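Chain residues, written in single-letter form:
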Amino acid sequence: MKNIRHQFPLLKNYKDLVYLDNAATTQKPQSVIKTVTQFYQRQNANVHRGAYKLSDTSSRLYLQAHKTIADFIDAREDEIIFNSGATEGINTLAYSLCKDIDSKSNVVITQMEHHSNLIPWAEMAKRKGFGLRVIPFDHQSQALDLDALDTLIDENTKVVSIIHVSNVLGVISPVDAIIKRARAVGAYTIIDACQSVAHMPLSMKALDCDFCVFSGHKIYGPTGIGVLYGKRALLSKMDPFMYGGGMVGMLTDDSIAWNDLPMKFEAGTPNIAGAIGLAAAVEFLQEIGMDVVKEHSISLTKYAVEALGSVSGVRLYASSAQRMGVLPLSVTGVHSHDVASVFDSENIAVRSGQHCATPIVRSFTEEGIVRASVAVYNDEKDIDRLIIALEKVKKMFKV
Amino acid sequence: MSDIEQMYKEVILDLYRSPLHAGHLDHPSHEASASNPSCGDVCHIELLVKNGKVIEAAHQTSGCAISTAGVSLLVDHLIEKDIKELEKLADEDVLQMLGVPITHNRLKCALLGLRPLKEIIQTMNNVR
Ligand SMILES: Cc1ncc(COP(=O)(O)O)c(C=O)c1O
């Protein structure tokens, strides 16, 4: 992919920077920065309220942002709820869906979950006394182990909440098979699409999940904005997550009717600039084309896997797995933090440690994992620099 | 020497490979642990204190070069010292023991050992 890097002011400001921490957050293109700035300079007003022109403009842009996101993930605009991010999305779902759950019930997640799709369920399980079941990761086949799926997901399963692409391994979950099984027992299905949405086209219709969450900042949008998708039929009958302004339809002395979707779930003044900025980020991706983005992620990941395979003393975790955009590594005899520090001295930004996903990291190592993750602006030269830096690590630590 | 070469000076790497006072005491009078949840580093410190003085000290640390070296140097410093004196130990003192430049994000590695030590001293003070 050409002419991408120069659209990112930060990357222009740091010409020598090899930014490979994209699974944590991506850099922002000029178009997103400009959209947000322009909003505050020329369009800022609260939404759904004033009769004046500015409020009309901001309301229109905010509604349009729902539509842009809806088109992007093949959903309806009233199925798109803006919030602060994936963490909020899962927490609101955990509170909502566990409200009437009894102790005989269970919720199913996978061993690859980010803490944001583990801790909310664990906490609810503790409060309500229901069981939290985990679809294990099989180190042999380097994939989720579905052998026991039919017993893990049973008639008492109320919610199945699964990560789409692992933020540690890049491994893709067999979501179709899991959703199918969940459907068969009538459980709600939630997809954590935080990583997948950055690398591949997503269709809510094709996935057929009930809910889906992701964060704007991992797909070139601003921080503090996220998306909760929910099937219209479900959202219509669910209670609001939060109560306040903007979510009320009719208010009389003795009754309240909730506002239409999605406003029913967007109580309070929303992150208007964030939503509009996220829409600009999605337009940036659509301009490239998600098929092209996917192709780029696949080929760059493949290039990296091959390059890493030729470096002695370096381990790529789940090396033969089907993966997307994420490269989890370690250098034998060197702690992941120390590797990342040496990388930093070469102007290479990667993450190290537990990646808020302790269960899957611990199943591989106690030393933490070094994670390089790619985005649209990375190329083979970045991977080459990574390989050179690995040699420096080995030399410094004499391993 | 570049910053990174200073941070990973030979003494630090030596302490990483062979930490000082690693292991257990036969009869510790006090012990405490600490961990850094974001990186998974863990450190356990054991002390034998008599008449307000540290007689023996040991630790088990699983972590990066900076945290392992930091705990090593700290534990080495404790031996033969009065608790009264150790009470005053501050972040800067541990950084000084390490004597290498530590970036902001690595501070929690460098200072890992201070937390169990402070906990031990706190418990002693509570008992007193
Ligand atoms: C797979 C996955 N799920 C959830 C999250 C949480 O996202 P946020 O911190 O933006 O709420 C992350 C971010 O690290 C992630 O990678």
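This text goes with the structure placed above it.
Residues numbered from 1 in each chain as written. Chains lettered and ligands numbered in written order. Predicted model: local features only at pLDDT ≥ 70, side-chain atom pairs only at ≥ 80, totals over all residues. Heavy atoms only, no water.

S.K.: What is the right way to read the site of the ligand from this model?
M.R.: Residues and elements named next belong to chain A. As a structural note, the neighbourhood of the ligand is formed by A86, T87, H114, S116, I163, N167, D192, C194, Q195, S215, H217 and K218. Within the side chain of D192, one N or O atom sits 2.5 Å away from a nitrogen atom of the ligand. Between the ligand and H217, the relevant distance is 2.7 Å, taken from an oxygen atom to a side-chain nitrogen or oxygen of the residue. About the coverage of the ligand: the protein hides 84% of its 390 Å² of free accessible area. Looking at side-chain class alone, the shell around the ligand contains three nonpolar, seven polar and two charged residues. (Near = heavy atom within 4 Å. Polar contact = N/O pair within 3.5 Å; in protein donor to acceptor, adjacent residues only side chain to side chain. Areas by Shrake-Rupley, 256 points an atom, 1.4 Å probe, with all protein chains shown as cover. Nonpolar A, V, L, I, M, F, W, Y, C, P; charged D, E, K, R; others polar.)

S.K.: Looking at this structure, how should I read the interface of chain A and chain B?
M.R.: The extent of an interface is frequently quoted as the accessible surface area lost upon association of the parts. At the junction of the two partners, chain A supplies 17 residues and chain B supplies 20 residues. Taken over both partners, the interface formed by chain A and chain B buries close to 1400 Å², and the fraction arising from carbon and sulfur atoms is 52%. The three residues of chain A that bury the most area against chain B are H337, M396 and F397 of chain A, which together make up 35% of that side's buried surface. Linking chain A with chain B are two salt bridges. Two residues, R106 of chain B and D338 of chain A, come together in a salt bridge whose shortest N-O distance is 2.9 Å. The tally of links between chain A and chain B comes to nine residue pairs in polar contact (both at pLDDT 80 or more). Of all the elements in the fold, those that place two or more residues in the side of chain A that touches chain B are α13 (336-345) and α15 (380-396) of chain A. The dominant element in the side of chain A that touches chain B, judged by the number of residues it contributes, is α13 of chain A, at five residues. Taken together, the residues of the side of chain A that touches chain B sort by class into four nonpolar, eight polar and five charged. (Contact = heavy atoms within 4.5 Å. Buried area = accessible area lost by both parts, 1.4 Å probe. Salt bridge = Lys/Arg side-chain N within 4 Å of Asp/Glu carboxyl O. Helix = DSSP H or I, 4+ residues; strand = E, 2+ residues; numbered from the N terminus.)

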